[in-house]
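Inside the fold
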Amino acid sequence: MTGPGVKAAPEMGRQRPTLWRRLTGRGSDRPLRLLRSASIRFAAVYAVLLALSGFALALFLWYETAGLLDRQTEAAIRADAQGLSERWEEGGLPALVMTIDDRLAQNVDDDAIYLLVDSQLRRIAGNLQRWPQGVTATNAWYELPVQRAGIRSLARVQRFDLLGGFHLLVGRDVRVRAQLRNLLTDAMLWALVIVVAMASGGALVVRGLFRRTLANISHTSAAIAAGDLGQRVKLSGRGDEFDQLAETINDMLERIGRLMDGVRQVSNAIAHDLRTPITRARTRLEDAALHAGSEAELRAAIERAIADLDGIVAVFQALLRITEIEAGSRRSAFTAFDLAPVLADVGELYAAVAEERGIQVAVESPPQLPAYGDRELIQQAIANLLDNAVKFSPRGGRVTVSGAASGGGVIIRVRDQGPGIPPDELSRAGERFFRGEDARSTPGSGLGLALVQAVAHLHGGTLRLDDAAPGLAAVLLLPMAQPLDPAGPGT
Amino acid sequence: MRILVVEDDKDVAGFVVRGLKEAGHLVEHADNGRDGLFMAASENFDAVILDRMLPGGIDGLRLLETLRGQKNTVPVLFLSALAEVDDRVRGLKAGGDDYLTKPFAFAELLARVEALARRGKGDAPVTRLLVADLELDLLSRQVRRAGQKIDLQPREFRLLEYLMRHAGQVVTRTMLLEGVWDYHFDPQTNVIDVHVSRLRQKVDKPFPSPLIHTIRNAGYMLRADPA
Amino acid sequence: MNAMARAASLALLGSCVALGPLGMPLVNGQTPIEQVTTDTPEYCLHLLQRLRQIEQNRPPPKDVSYLSDEGKLMCDHGQIRAGITRLRRAMQIMLAPTEK
Ligand SMILES: Nc1ncnc2c1ncn2[C@@H]1O[C@H](COP(=O)(O)OP(=O)(O)OP(=O)(O)O)[C@@H](O)[C@H]1O
Ligand SMILES: [Mg+2]
């Protein structure tokens, strides 16, 4: 039993509907609230199932035992009557009377009942005093109360009509059997009561279990809903379904946390990093409006401001692109493709620029390099790495772009001979808007590596920045060479 | 050329219409999807500039799908603030010929629209491109200028081919990046400029008059007269 | 939940109880209760006489005479039904078809 139904605090009656009202939803402001609780529903299902199977079992047993007794009695009576009618056909009335007498005389079980009467219902043979009034129909079973040596008993009888107006009553005293049957019925009913009690108790246990298992998850969810994003669902360590669920939820929370961080970073970036170029553009325009001496001067200022704005738009676009990639929606665009020409193309695209600066770009790749993913994004990621390598390489340096198959996936390495990234900056280099101390003089917004990292994550891979002494080796590992399961890679 | 601009933002529409008129085009303007669809379906245009988000129940995608459903093949350039890769893909799938995201540079828009409108014209397969004394044979993959053979790298060849196919038109850096390298992102560094200047070294430097011209704030143009 | 289980169980219990005297007209009420005539001392005597008659033709085995004596004794002491049972058993043995 659930608490509220038992506790009868008067003011609770107003606040909480009675059990019945809750169950039916009538007159309740929270209709069916109780049944909406999954734990109670599960427990109810458990109880009903258990009780039903208990009933089915009891009913079956009852029918098989008590029913069997009845059927046996009836079969005996029929066989008896059959025998008697044969005697009647063979020897007529005297034979029948004698048989009845004999049978009575040998009825050790002391349960046989016979009565043979003529058409006037006068008794001819048998052990009943008179023809019982109620027994009027043939082929029907009667329960007949009889008196046996002063004790009331019950007989089951059937009437047979013989030629010549004689009537025959054949029956059995079923008092003992009836007692047995009642005993059985009682036992079954008690068994049912026990089943119901156990079902209720079991239901309570089930509900408790259910609640306890869910409490863990719901506590965590509540804490998170209240703003504590650091909470995680505790694992029981059993590795069961609930643990799996908890792990999934934790993964989800992890991902939400990462996305939230991303959003926070972006808003910070908008607040700080974009403020600078916007301020610059605004200053330029205002300065031109106030101080421009000639139309040419004004135009020049406006054009520069437009260039500034274009820069801001480019940053925005890059940011949005990263966000788009991180959201993972681009996974639908994954295809299998050959990475070798992609590497060659990107290398060729930058080789010209590099050469202008006296830097050599070499592409090392097998003739074919099967990969799986978003070709355009991988292209862009490699371009960004190469862009950095060329940008930070000293004159006369050498940049190597190499691709290789690696354990079912591909590994792309872009190596330069520049200054590299100092160890304390390595971990932050992939953050949005991060630019190294020495990079301030070069153009850029610090989004290049962030995009590469996002692309790597999208493909379930990683971006590693190694010290190539001298220089930097950026290693992009994309572990998939062919489609994975539809769920996509986990990170 | 007759160009239809379907754009609900008054400032943008006014700017675009004015710019196109200055460039010598006949321009019609519709500020909602319904009118835009009606005009595009009932009149002959050389190109349509189409915003994606439009008032009036019919957005740009629906408009274009309806138009294509009527077997209308007018070249359509999407001009949209929806900048995600998927948006672009959706626009092109719906039958768009080009996709430009806002904010945009007018020079870029003009160059793309003109390229689209011209492409819509003569589509006869050519095997030889000829501009002034510059000759490009697509079959033998040979380039000659003033009868003199010029050796080009495969990529340079494709770059020149692109410029020659769009001879007399402004070609922007992004158009080159998309058309020659099939890249749909901004490579930050001025890689295209370097490639074009290398091409110039081979095609223009040894000859008296240059063919490849830099158009300020826009891109490049290959044309015969040095006007 | 328990309420639901209880309601269901009550319904089923009811049907079980109802199943007991299923489809059986009960002959009772005002009609006087019929007497069974084979539980009386008279019947005991009657059985004993029949047994004696049969025993005249064929000497009874030891247990038959034992049973009939015992039955008679019990009938005399008022344990009618038990006595009759003994006599019936004796009768059964005597009337059994052709013993070996
Ligand atoms: N190859 C490299 N050698 C030395 N430092 C590098 C190299 N690549 C990246 N870095 C450092 O990491 C920082 C972040 O690189 P990232 O590519 O994200 O930004 P960026 O190149 O400065 O700007 P953008 O790529 O947006 O033009 C750089 O500012 C630089 O300090
Ligand atoms: Mg970079």
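A short tour of the structure in this document, coming up. Bear in mind the structure is a predicted one, so any value in this text is a computation, not a measurement.

1. Some thoughts on the overall build of chain C
Of regular secondary structure, chain C possesses 4 helices and 1 strand. Listed by position from the N terminus, the elements making up chain C come as α-β-α-α-α. The 100 residues of chain C split such that 38% are buried. A fraction of 60% describes how many contacts in chain C between residues 6 or more apart in sequence connect residues 24 or more apart. Entry remark: accessible area of chain C is about 5900 Å², with carbon and sulfur atoms responsible for 60%.

2. Regarding the site of ligand 1
In the vicinity of ligand 1 there are 20 residues, among which A:Asn388, A:Asp416, A:Arg435, A:Gly436 and A:Leu449 approach most closely. Chains contributing residues to the immediate surroundings of ligand 1 are chains A and B. Take A:Leu447: an N or O atom from its main chain is 3.0 Å from an oxygen atom of ligand 1. When isolated, ligand 1 has an accessible area of 600 Å², and the protein chains bury 96% of it. Of all the elements in the fold, those that place two or more residues in the shell around ligand 1 are α11 (375–392) and α13 (448–458) of chain A. Tallied by class, residues from the shell around ligand 1 come to 9 nonpolar, 8 polar and 3 charged.

3. Description of the state of the cysteines
Residues and elements named next belong to chain C. Scanning the entire structure with this criterion turns up 1 disulfide over all chains. Between the sulfur atoms of Cys44 and its disulfide partner Cys75 the distance amounts to 1.6 Å. Handedness of the Cys44-Cys75 disulfide follows from its S-S torsion of about 95°: it is right-handed. Of this pair, Cys44 sits in helix α2 (residues 41–57) while Cys75 sits in helix α3 (residues 62–76), and the two are 31 residues apart along the sequence. Using a relative accessible area of 3% as the deciding quantity, one classes Cys44 as buried. Accessibility expressed as a relative area gives 11% for Cys75, which makes it buried.

4. So, unusual backbone geometry
That bond from A:Ala469 to A:Pro470 is cis: its omega, 0°, falls within 30 degrees of zero. Within the secondary structure, A:Pro470 sits in the loop between β11 (462–467) and β12 (472–478). Omega for the peptide link from B:Lys102 to B:Pro103 comes to -5°, which places this bond in the cis form. Here B:Pro103 shows up in the loop between β5 (98–101) and α5 (106–120). For A:Asp110, which is not glycine, the phi dihedral falls at a positive 60°. Relative to the elements of secondary structure, A:Asp110 occurs in the loop between α5 (38–105) and β1 (112–117). Phi angles above zero are rare outside glycine, and A:Phe433 is one such case at about 70°. For A:Phe433, the position within the fold is in the loop between α12 (423–426) and α13.

5. Thoughts on the sheet that holds β1(A)
Strand order in the open sheet formed by 6 strands is β2(A)-β1(A)-β5(A)-β4(A)-β3(A)-β1(C), with mixed pairing between adjacent strands. Where the open sheet ends on each side, the last strands, each with one partner, are β2 (123–126) of chain A together with β1 (34–35) of chain C. Judged from the 8 bridges that link them, strand β3 (residues 141–148) of chain A and strand β4 (residues 151–161) of chain A form a sheet pairing that is antiparallel. Paired with A:Trp141 across the bridge in β4(A) is A:Gln158. Of the strands in this sheet, β1, β2, β3, β4 and β5 (167–173) of chain A touch α5(A), which is tilted by about 140° from β5(A).

6. Brief notes about the pattern of salt bridges
The final tally for this structure, using the stated rule, is 51 salt bridges over all chains. Salt-bridge contacts for A:Arg156 lead to A:Glu143; the nearest nitrogen and oxygen are separated by 2.6 Å. Of this pair, A:Arg156 sits in strand β4 while A:Glu143 sits in strand β3, and the two are 13 residues apart along the sequence. No difference in accessibility class separates A:Arg156 from A:Glu143, as the two residues are buried. With a shortest N-O distance of 3.8 Å, C:Arg81 and C:Asp39 are connected by a salt bridge. With a gap of 42 residues between them, C:Arg81 in helix α4 (residues 80–95) and C:Asp39 in the loop between β1 and α2 connect regions that are remote in the sequence.

7. Structural notes on a nonpolar patch on the surface
Taken together, the side chains of A:Leu229, A:Met252, A:Ile256 and A:Met260 define a hydrophobic patch exposed on the protein surface, amounting to about 310 Å² of accessible area. If you trace the backbone, A:Met252 turns up in helix α7 (residues 241–272).

8. Some thoughts on the interface of chain A and chain B
Interface size is often expressed as the accessible area that is lost when the parts come together. Every contact between the two is made by 26 residues of chain A and, on the other side, 23 residues of chain B. When the buried surface of chain A facing chain B is broken down by residue, A:Glu324, A:Glu348 and A:Leu349 rank first, second and third, together holding 23% of it. Counting across the chain A and chain B interface gives 4 salt bridges. Linking chain A with chain B are 10 residue pairs in polar contact (both at pLDDT 80 or more), by the criterion used here.

9. Re the nonpolar core
In this structure, A:Leu339, A:Ile382, B:Leu160, B:Leu176 and B:Leu222 are the most contacted members of the largest nonpolar core, which totals 95 residues. Broken down by element, this core gets its largest block of residues, 10 residues, from helix α10 (residues 339–356) of chain A. Those residues in contact with A:Leu339 that lie beyond four places of it in its chain are A:Leu369, A:Ala371, A:Ile378, A:Ile382, A:Val410 and A:Ile412. C:Cys44, C:Val64, C:Ala90 and C:Met94 belong to the second-largest nonpolar core, a separate cluster that totals 33 residues.

10. Observations regarding the packing of helix α2 (residues 33–42) of chain B against helix α3 (residues 60–69) of chain B
Residue and element names in this part refer to chain B. Contact geometry of α2 with α3 gives a least axis separation of 10 Å together with a crossing angle of 25°. Compared by their axis directions, α2 and α3 come out roughly parallel. Pair α2 / α3 crosses with right-handed handedness. Contacts between α2 and α3 involve Gly33, Gly36, Leu37, Ala40 and Ala41 on the former and, on the latter, Leu63, Thr66 and Leu67.

11. Here we look at the sheet that holds strand β7 (residues 134–137) of chain B
Residues and elements named next belong to chain B. Pairing is antiparallel across the open sheet formed by 4 strands, whose spatial order is β6-β7-β8-β9. Edge strands, defined here as strands with exactly one partner in the open sheet, are β6 (128–131) and β9 (148–150). This sheet shows a mean twist of 20° between the axes of neighbouring strands, independent of strand direction. Sheet topology places strand β8 (residues 142–145) next to β9; 3 bridges connect them, and they run antiparallel.

Rules of the game
Residues numbered from 1 in each chain as written. Chains lettered and ligands numbered in written order. Predicted model: local features only at pLDDT ≥ 70, side-chain atom pairs only at ≥ 80, totals over all residues. Heavy atoms only, no water. Helix = DSSP H or I, 4+ residues; strand = E, 2+ residues; numbered from the N terminus. Buried < 20%, exposed > 50% of the residue type's maximum accessible area, 1.4 Å probe, protein only. Contact = heavy atoms within 4.5 Å. Areas by Shrake-Rupley, 256 points an atom, 1.4 Å probe, with all protein chains shown as cover. Near = heavy atom within 4 Å. Polar contact = N/O pair within 3.5 Å; in protein donor to acceptor, adjacent residues only side chain to side chain. Nonpolar A, V, L, I, M, F, W, Y, C, P; charged D, E, K, R; others polar. Disulfide = S-S within 2.5 Å. Pairing = 2+ DSSP bridges. Axes fitted to C-alpha atoms, helices over the stretch in contact; angles between N-to-C directions. Salt bridge = Lys/Arg side-chain N within 4 Å of Asp/Glu carboxyl O. Patch = residues over 30% accessible without salt bridge, like charges linked within 9 Å, V, L, I, M, F, W, Y side chains within 5 Å. Buried area = accessible area lost by both parts, 1.4 Å probe. Core = buried A, V, L, I, M, F, W, Y, C linked by side-chain atoms within 4.5 Å. Parallel < 35°, antiparallel > 145°, perpendicular 65-115°, else oblique. Left-handed = near helix turned anticlockwise from the far one by under 90°.

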